[in-house]
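# Structural overview
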Amino acid sequence: MGHALTVRSSQMVAGYASLAGSAEFNKIPEHQGIKPSAADASKCPHASKAIAAARMAEELASAKKGKATKNSVAAAAAAKVASPAGCPFHANANASSTSEVKPKAPTPGGFDYEKFYAEELDKKHKDASYRYFNNINRMANKFPIAHTGNPKDEVEVWCANDYLGMGNNPVVLETMHRTLNTYGHGAGGTRNIAGNTGMHLALEAEVASLHRKPAALVFSSCYVANDATLTTLGSKLPGCIYFSDSMNHASMIQGMRHSGAKRVIFKHNDLEDLEMKLAQYPKETPKIIAFESVYSMCGSIGPISEICDLAERYGALTFLDEVHAVGLYGPHGAGVAEHLDYDLQKRAGQSPDPIKGSVMDRIDIITGTLGKAYGAVGGYIAGSPDFVDMIRSYAAGFIFTTSLPPVNMAGARASISYQKEYNGDRQLKQLNVRNAKAQFEALDIPVIPGPSHIVPVLIGDPALARLASDTLLEKYNVYVQAINYPTVARGEERLRFTVTPGHNVEQIARLANAVDSVFTELGIKRTSDWAKLGGHAGVGVPDAKPVEPIWTDEQLGLVDGTAPHVLHAGQRGVVDERAVRVTREKFDDLLGPYVEPVTEIDALTAERPLAAAPLTASIHAAVAAASAV
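As recorded in an unreviewed UniProt entry, the protein goes by the name 5-aminolevulinate synthase, listed as coming from Lentinus tigrinus ALCF2SS1-6. Its UniProt record gives the protein the following Subcellular location (unreviewed entry) comment, quoted word for word: "Mitochondrion matrix". The UniProt entry for the protein carries the following text under Function (unreviewed entry): "Catalyzes the synthesis of 5-aminolevulinate (ALA) from succinyl-CoA and glycine, the first and rate-limiting step in heme biosynthesis."

Here it is as structure tokens:
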């Protein structure tokens, strides 16, 4: 395999991550007709990208000097150095490289740390769990298109967690530019030392209002929010016992472990198993049931209301992770807990007051992210004032870190505000998800059944999953990341597709055909194949009941004709004018009332590319284009 530093440094130079390493690559059955050699470099997805990047770099350098490129040999040599060492097509090519970074020699008689690092990495390569990072640069004006390490090489993104495309929503970008011009970039310190701004406080108020909770606290990420909160609760509550769903996210698992509290694991979404375990402890013993609303790798949804019943019966707190649900479910985007009382929550409008007896009100602690459906960065908790204040006062993950910059807080708040006011993005996303799942199923492509927006396609082999991902990228310009162990169980490797409201009908059809072709080319098992084996991971299970989506036809507007229009090639998504206006008004106190830019731009303004004029123009253009459809 070679030293890890050589592998990763060469991948970074190439600007493109490598294909599966040799160990896992060689496990692919020979009947697939792939027999790599150094001479086949042009067939490798990443070799070709590296060669193209090197050629482009040489062209740019030559153009700068005012002359055409003449030395193609130099380009080939640059590609050779840049090519990823972990790729089997390059194993021989890199063997004679003179630029290899040699590991530091161990101190005589001391521990060989570099050898230890290399051996640990070799374990990851041998069990095919090593992670490869593709260089993918999503383009704000072409969502859901991105370019690779070569800016000319564009691909369609089918696995981003920016579920609604809010990372490029014009009012979000406009607000961020205004904030950046007003407050600059950095936060200036921790929340306790110069890093507690009006933007932070306003965002926390927005989050609290979203979940109809009295208080909220923002963290640098939801991983940190979960880890810090569960660590603090478990270490402070005397004799606390955690009851954790077996499929909980790593951040929750780490937080419970760090707390030192006892942890009891119950089977995934199994209420009988949970109750049996709760009943073993006195009611007065502090207990916390930690679970998720949407489990992101399989798409299942937690039985939230029923878990609340058990928590009340056995004296437990409920800790609900809504990371893959906020922005996507409920009439205001508060998550699955809101969605379960859809009509009731919709009638309540934008009031921040709790709705007594509602599922969302029954949850004690809600955690969510700003980095997925809201297209920003950060995480948060929401709950009672004293709970939030205790975490603020004791959680090291909150106290001892620089707070997020005001510009990020403003962008996140604008995104939440916009989605609270406009339901169309959520609806259109779900319509596109239904379309994608239906097309996959019609082609016998094994979609793991689930009621949520997650579209997991079962592969069942780590090397095949990675090769399928690479083949889709190289041949069809489809970027979807392979999901392998430890994120999912061994033998349940998959491709996890995320369909957005920005994907159009033609793109979805091309995706289905591309995946179908790759399944045929690589000999990957289809639904009918798994059915012959008795079923696996929910696919091909005999007499399985159909799974109904959580969004009903009525909620999507299919019954009364109010459903949003799906997009076709060349059409742009809707930007809701009312939601834009409401969102702008929320920043009047800190940024001043929004002023439409003048037509004539003076020289000083023209020299400042961060001005809001082009963003405002894009909002008007988007609204006009949507109205014309």
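## Quick look at the pattern of salt bridges
In a structure, side chains of opposite charge can pair up when their charged atoms sit close to one another. Going through the model one piece at a time under the given rule, you end up with 21 salt bridges. Between Glu521 and Lys475 there is a salt bridge, and its shortest N-O distance comes to 3.0 Å. In this pair, Glu521 sits in helix α20 (residues 505-522) while Lys475 sits in helix α19 (residues 462-476), placing the two residues 46 residues apart along the sequence. Between Arg494 and Glu492 there is a salt bridge; the shortest N-O distance is 3.3 Å. For Glu492, a relative accessible area of 25% gives the class partly exposed. Several salt bridges share partner residues, and in doing so they unite Glu206, Arg413, Lys420 and Lys586 into one network.

## Focus: the sheet that holds strand β8 (residues 316-321)
Taken in spatial order, the seven strands line up as β4-β10-β9-β8-β7-β5-β6 in an open sheet, and their pairing is mixed. The open sheet is flanked by β4 (215-219) and β6 (262-266), the only strands paired with a single partner. The mean angle between the axes of side-by-side strands here comes to 20°, regardless of whether they run parallel or antiparallel. Examined bridge by bridge, strand β7 (residues 287-292) and β8 share six bridges and lie parallel to one another. Residue pairing in the sheet places Phe291 in a bridge with Leu320 of β8. Set on the sheet, helix α10 (residues 271-278) makes contact with β5 (241-245), β6 and β7; between it and β6 the angle comes to about 150°.

## Quick word on the side chain of Gln507
Checked against the element boundaries, Gln507 lands in helix α20. Judged by relative accessible area, which is 7%, Gln507 ranks as buried. Beyond its immediate sequence surroundings of up to four residues, Gln507 is in contact with Pro144, Ile145, Glu156, Trp158 and Gly502.

## Regarding the sheet that holds strand β12 (residues 478-479)
Read from one edge to the other, the open sheet built from four strands follows the order β1-β2-β3-β12, with strand pairing classed as mixed. In this open sheet, the two edge strands, each paired with only one partner strand, are β1 (137-138) and β12. Two strands pair when backbone bridges link them, and β1 and strand β2 (residues 145-147) are joined in this way by two bridges, in the antiparallel orientation. By the bridge assignment for β2, Asn137 is matched with His147.

## Overview of the packing of helix α6 (residues 170-183) against helix α17 (residues 406-421)
Packing of α6 against α17 leaves a shortest axis separation of 8 Å and a crossing angle of 150°. When the axes of α6 and α17 are compared, the pair comes out roughly antiparallel. At the point where α6 passes α17, the crossing takes the right-handed sense. Contacts between α6 and α17 pair Val171, Val172, Thr175, Met176, Thr179, Leu180 and Tyr183 from the former with Pro406, Val407, Asn408, Ala410, Gly411, Ala414, Ser415 and Tyr418 from the latter. Counted by class, the contact of α6 with α17 contains ten nonpolar, five polar and no charged residues.

## Side note on a nonpolar patch on the surface
Nonpolar side chains collect at one region of the surface, where Phe111, Tyr113, Phe116 and Tyr117 lie side by side and expose about 450 Å² of accessible area between them. With respect to the helices and strands, the residue Phe111 is situated in the loop between α4 (72-82) and α5 (113-126).

## Overview of the pairing of β5
Within β5, five of the five residues are buried, leaving the element largely enclosed by the surrounding structure. Along β5, one buried face is formed by Ile241, Phe243 and Asp245 and the opposite face, lined by Tyr242 and Ser244, is buried too. In this sheet, β6 lies alongside β5 in parallel orientation, the contact comprising five bridges. When the bridges of β6 are listed, Ser244 appears paired with Ile265. Since β5 and β6 lie parallel, the crossover through helix α9 (residues 250-259) that links them has a hand, and here it is right-handed. Relative to β7, β5 runs parallel, the two sharing four bridges. Bridging across to β7, Tyr242 finds its partner in Ile288.

## Remarks on the packing of aromatic side chains
If you walk through the whole model with that rule in mind, you get nine aromatic pairs. Taken together, a centroid distance of 5.4 Å and an interplanar angle of 50° make the contact between Phe440 and Phe497 tilted. In this pair, Phe440 sits in helix α18 (residues 424-442) while Phe497 sits in strand β14 (residues 494-497), placing the two residues 57 residues apart along the sequence. According to the relative accessible area criterion, Phe440 is buried, its value standing at 1%. Each member of the aromatic cluster is reached from another via a ring pair, and the members are Phe111, Tyr113, Phe116 and Tyr117.

## Section: the packing of α17 against helix α23 (residues 577-585)
Viewed as axis vectors pointing N to C, α17 and α23 meet at an angle of 140°, and their least axial separation amounts to 9 Å. When the axis of α17 is compared with that of α23, the two are oblique. In the packing of α17 onto α23, the handedness of the crossing is right-handed. Every residue of α23 that contacts α17 at Ala414, Ser417, Tyr418 and Glu421 is listed here: Arg578, Ala579, Val580, Val582 and Thr583. The residue makeup of the contact of α17 with α23, split by class, is five nonpolar, two polar and two charged.

## Brief notes about α17
Its 16 residues give α17 an end-to-end C-alpha distance of 23 Å, which sits within 8% of 22 Å, the value for a rise of 1.5 Å per residue. Across the 16 residues of α17, 16 count as buried, placing the element largely inside the fold.

## Comments concerning the confidence of the model for the protein
Do not read the predicted coordinates in detail wherever pLDDT is low. Predicted confidence across the protein gives a mean pLDDT of 86, with 79% of residues reaching 70 or more. Across residues 1-43, confidence stays below pLDDT 50; counting only partners more than four residues off in sequence or on other chains, it has 102 contacts. Predicted confidence for residues 63-96 stays below pLDDT 50, and this span has 68 contacts to residues more than four positions away or in other chains.

## What about the environment of Leu495?
One can find Leu495 in strand β14. Classification of Leu495 as buried rests on a relative accessible area of 1%. A sequence separation of 15 residues divides Leu495 from Val480, and the C-alpha atoms of the two residues are 6.7 Å apart. Here Leu495 is in contact with Val455, Pro456, Val457, Ile459, Ala465, Ala468, Ser469, Leu472, Val480, Gln481 and Ala482, once residues within four sequence places are set aside.

Rules used in this analysis
Residues numbered from 1 in each chain as written. Predicted model: local features only at pLDDT ≥ 70, side-chain atom pairs only at ≥ 80, totals over all residues. Heavy atoms only, no water. UniProt positions renumbered as here; feature names shortened; annotations may be inferred. Salt bridge = Lys/Arg side-chain N within 4 Å of Asp/Glu carboxyl O. Helix = DSSP H or I, 4+ residues; strand = E, 2+ residues; numbered from the N terminus. Buried < 20%, exposed > 50% of the residue type's maximum accessible area, 1.4 Å probe, protein only. Pairing = 2+ DSSP bridges. Axes fitted to C-alpha atoms, helices over the stretch in contact; angles between N-to-C directions. Contact = heavy atoms within 4.5 Å. Parallel < 35°, antiparallel > 145°, perpendicular 65-115°, else oblique. Left-handed = near helix turned anticlockwise from the far one by under 90°. Nonpolar A, V, L, I, M, F, W, Y, C, P; charged D, E, K, R; others polar. Patch = residues over 30% accessible without salt bridge, like charges linked within 9 Å, V, L, I, M, F, W, Y side chains within 5 Å. Areas by Shrake-Rupley, 256 points an atom, 1.4 Å probe, with all protein chains shown as cover. Right-handed = clockwise from strand over helix to strand, strands pointing away. Phe/Tyr/Trp six-rings, centres within 6.5 Å; stacked < 30°, edge-to-face > 60°. Expected span 1.5 Å × (residues − 1). pLDDT = per-residue confidence, 0-100.

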